[in-house]
Amino acid sequence: MQMNIIGAKHFITENIKKKLVPMLAGSPGLGKSAIVHEIAKEFGLKVIDIRLAQCDPCDLMGFPTIDKDSGKAFYAPMSTFPIEGDALPKGYNGWLIFLDEFNSASRAVQKAAYKLVLDRMVGEHHLHKNVAMVCAGNLETDGAIVEAMSTALQSRVVHAGLMVDSEAWLEWATANDIDHRITSFIRFKPDNLYTFRPDHSDRTYGCPRTWEFANRHTNGLPTVGNDLLPVLSGCLSEGLAREFVGFCRIYADLPTIDQIVKDPVNIKMPAEPSILFALSGSLSNHSTPDKMDKLMQFIERMPIEFQVVTLREVVRRKVEMMQVPAIQKWVATQARELF
């Protein structure tokens, strides 16, 4: 079953609670790793990131060792895995073992994982009771290096697929302080969130991962211009970077927040959708409680769909804005679809 990042997070969490191992498959760059790290942070778990494609069977089964007293051989577990008797890591409630690139591992390594994911054992040793496990991998149809999973391994994990959902990503992005110019651009053209094609000829492509890379270059800058094209092209591809920079030029022609506050009733309201999306992002990023009475006079002049987009993002970026009387009044009278 395919699900967005919100559904995938719930799916993983519920399986962890039942001591099952979820397997999340999806195209490259959709944010599988980010979901796992977010869950670990919420539950106070230390992430142990294991790339199965780079492992040897001994990494999962333990290393053959001779007991000097008995003269018998046994498998000594790698220090990677927390086993019964180990102390909890300082500041954490336990561990989350993230078996990434799960279906890119060789058949031999996949077989070595049988005991780990089903019996929660490394060789002869049981994992610590405070260990959770999550698997993730790419899709064979995306041109990624993938090994078919045996039926024995398939039945040891609980499967789900991760899909692109721009609304779910935008909800995450606004809550995680992604540049308002990026979120406005994706609201304007949702298909640009994920431009990956298996046969693409560019060196890279737009996806949640690479938009987060772009955010590291743009967030906090007053303007985004041609000087950023090289790094943005390296993150997103040249064509997508040029389109985004062109969108950002619109911001230079927008009325400032101070200008809007000074004359919210008479200042010119743009009609072009691309400008309204840009304006919506600017308003949501710069709104403050002390200016909201005046800003609401301007926002209520926008087409109703842009009022909803603007106020939804205002509240997502700053939850405390929901308590502002001007917003509460608008919600009470018009906003059936706001949340």
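**Considerations on the overall build of the chain**
Of the regular secondary structure elements, the chain holds 15 helices and 10 strands. With the C-alpha coordinates of the chain rotated into their principal frame, the extents come out at 90 × 45 × 35 Å. For the chain, the residues scored as buried account for 49% of the 339 residues in total. Once local pairs closer than 6 in sequence are excluded, the contacts in the chain between residues at least 24 apart make up 71%. Of the roughly 17,300 Å² of accessible surface on the chain, 53% is carried by carbon and sulfur atoms. A gap of 3 Å separates the mean positions of the 37 positive and 40 negative side-chain charges of the chain.

**Brief notes about the pattern of salt bridges**
Applying the stated rule across the entire model yields 16 salt bridges. Linking D49 and R51 is a salt bridge whose minimum nitrogen-to-oxygen distance equals 2.8 Å. For the salt bridge of E243 with K189, the shortest nitrogen-to-oxygen distance reads 2.7 Å. Of this pair, E243 sits in helix α10 (residues 238-249) while K189 is found in the loop between α7 (180-188) and α8 (208-218), placing the two residues 54 residues apart along the sequence. On the accessibility criterion, E243 (30% relative accessible area) is partly exposed. Using a relative accessible area of 35% as the deciding quantity, one classes K189 as partly exposed. A single salt-bridge network, built from bridges that share partners, covers D49, R51, D100 and E101.

**With respect to the nonpolar core**
Residues W169, W211, L283 and M292 are the most contacted members of the largest nonpolar core, which totals 49 residues. Ranked by residues supplied to this core, first place goes to α10 with 6 residues. Contact partners of W169, with chain neighbours within four places excluded, come to I5, I178, I182, I186, L193, P208 and W211. One finds L60, A113, L116 and M149 within the second-largest nonpolar core, a separate group that totals 26 residues.

**Observations concerning the packing of helix α6 (residues 166-175) against helix α14 (residues 304-317)**
The N-to-C vectors of α6 and α14 enclose an angle of 45°; their axes lie 8 Å apart at closest approach. Here α6 is positioned oblique relative to α14, judged by the angle of their axes. For α6 against α14, the interelement crossing comes out right-handed. Across the interface between the two elements, E167, E171, T174 and A175 of α6 pack against R312, E313, R316 and R317 of α14. Of the residues belonging to the contact of α6 with α14, the class tally is 1 nonpolar, 1 polar and 6 charged.

**A closer look at the environment of C135**
As for its position among the elements, C135 is in strand β9 (residues 131-137). By relative accessible area, C135 is classed as buried at 0%. Remark: the alpha-carbon pair of C135 and N103, spanning 32 residues in sequence, is separated by 9.0 Å. Apart from the residues within four sequence positions on either side, C135 is in contact with V21, P22, M23, L24, L99, F102, V117 and V157.

**Side note on the state of the cysteines**
Inspection of every chain in the model, using the stated rule, returns 0 disulfides. Free cysteine: C135, not disulfide-bonded; nearest cysteine sulfur from C55 at 12 Å.

**As for the sheet that holds strand β3 (residues 45-51)**
A sheet is described by the order of its strands in space; here 6 strands give the open sequence β1-β10-β2-β9-β6-β3, paired in parallel fashion. The open sheet has two edge strands with one neighbour each: β1 (2-3) and β3. Pairing of strand β2 (residues 22-26) with strand β10 (residues 158-162), which is carried by 5 bridges, proceeds in the parallel orientation. By the bridge assignment for β10, L24 is matched with A160. Against the sheet, helix α1 (residues 5-17) contacts β1, β2, β6 (94-100), β9 and β10, and its axis sits at roughly 165° relative to β10.

**Overview of unusual backbone geometry**
Notably, R120 is not glycine yet its phi reads approximately 55°, a positive angle. For R120, a relative accessible area of 18% gives the class buried. Residue S237 is not a glycine yet carries a positive backbone phi of 100°. Structurally, S237 is set in the loop between α9 (229-236) and α10.

Conventions we followed
Residues numbered from 1 in each chain as written. Predicted model: local features only at pLDDT ≥ 70, side-chain atom pairs only at ≥ 80, totals over all residues. Heavy atoms only, no water. Helix = DSSP H or I, 4+ residues; strand = E, 2+ residues; numbered from the N terminus. Buried < 20%, exposed > 50% of the residue type's maximum accessible area, 1.4 Å probe, protein only. Contact = heavy atoms within 4.5 Å. Areas by Shrake-Rupley, 256 points an atom, 1.4 Å probe, with all protein chains shown as cover. Lys, Arg positive; Asp, Glu negative; His and termini not counted. Charge placed at Lys NZ, Arg CZ, Asp CG, Glu CD. Salt bridge = Lys/Arg side-chain N within 4 Å of Asp/Glu carboxyl O. Core = buried A, V, L, I, M, F, W, Y, C linked by side-chain atoms within 4.5 Å. Axes fitted to C-alpha atoms, helices over the stretch in contact; angles between N-to-C directions. Parallel < 35°, antiparallel > 145°, perpendicular 65-115°, else oblique. Left-handed = near helix turned anticlockwise from the far one by under 90°. Nonpolar A, V, L, I, M, F, W, Y, C, P; charged D, E, K, R; others polar. Disulfide = S-S within 2.5 Å. Pairing = 2+ DSSP bridges.

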